[in-house]
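So the chains spell out like this:
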Amino acid sequence: MAEPQYGKMTDAACLEALRSLVSGVPHPVANLANAASLLFLHTDRLNWLGFYLAEGNTLVLGPFQGKPACIEIPFGKGVCGTAAGENRTVRVEDVHLFPGHIACDGASNSEIVVPIRKDGKVFGVLDIDSPLLGRFTEVDRAGLEEFVSVLECELEGLWA
């Protein structure tokens, strides 16, 4: 695996590694756990990375890397809930300026959240936090959306 590069979270090698880890594996939670580990190890300057899965209008903690986290987040609350409620990627340079930010880890200063969709609806989110202000770039956003797209394809049909 290539050395992590600040500002570039995913690359061809990371996406290929993800495909090889999850392709044909009929265990969605295990796939998300491996995806979280892969991306966390591939990326520098993070303090938390993981998944929240939708149950009704609430996001529930799924596989992750980092300190213990908030267990439930309502749609529309905080960065994760906003991304889920608006069905769009949310990139925040300074979480302390984000209205309604939920501080699960006081060391987090920036965050990016990418929705995971099934049949066009939010199924969950990929949430990533950094202790650095402005850690996440537009290049990161595009790469993470591609990373999530791979997961969406591989998870299709595995969840009820």
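Look above for the structure.
Notes on the structure in this doc start here. As the structure is a computational prediction, the values presented were derived from the model and not from experiment. (Residues numbered from 1 in each chain as written. Predicted model: local features only at pLDDT ≥ 70, side-chain atom pairs only at ≥ 80, totals over all residues. Heavy atoms only, no water.)

## Remarks on the pattern of salt bridges
Working step 1: If you walk through the whole model with that rule in mind, you get nine salt bridges.
Working step 2: A salt bridge links D44 to R45; the shortest N-O distance between them is 4.0 Å.
Working step 3: Note on R45: relative accessible area 44%, which makes it partly exposed.
Working step 4: In this structure, E138 and R91 form a salt bridge, with 2.9 Å as the shortest nitrogen-oxygen distance. Here R91 lies in strand 4 (residues 90-92) and E138 lies in helix 4 (residues 138-155), a separation of 47 residues in the sequence.
Working step 5: For E138, a relative accessible area of 39% translates into the label partly exposed.
Working step 6: Among the ionic contacts, a cluster of salt bridges with common partners joins R91, E93, E138, R141 and E145. (Salt bridge = Lys/Arg side-chain N within 4 Å of Asp/Glu carboxyl O. Buried < 20%, exposed > 50% of the residue type's maximum accessible area, 1.4 Å probe, protein only. Helix = DSSP H or I, 4+ residues; strand = E, 2+ residues; numbered from the N terminus.)

## Points about the state of the cysteines
Working step 1: Summed over the entire model, instances satisfying the criterion amount to one disulfide.
Working step 2: Each sulfur in the disulfide pair C70 and C104 lies 1.8 Å from the other. Given an S-S torsion of about -120 degrees, the disulfide between C70 and C104 has left-handed geometry. Of this pair, C70 sits in the loop between strand 2 (58-66) and strand 3 (72-74) while C104 sits in the loop between strand 4 and strand 5 (110-118), placing them 34 residues apart in sequence.
Working step 3: Looking at C70, the relative accessible area reads 19%, which means it is buried.
Working step 4: This cysteine, C153, is not joined by any disulfide, and C14 carries the nearest cysteine sulfur, 16 Å off.
Working step 5: When its relative accessible area of 58% is taken as the criterion, C153 is described as exposed. (Disulfide = S-S within 2.5 Å.)

Take it as geometry only, folks, not as evidence of what the structure does.
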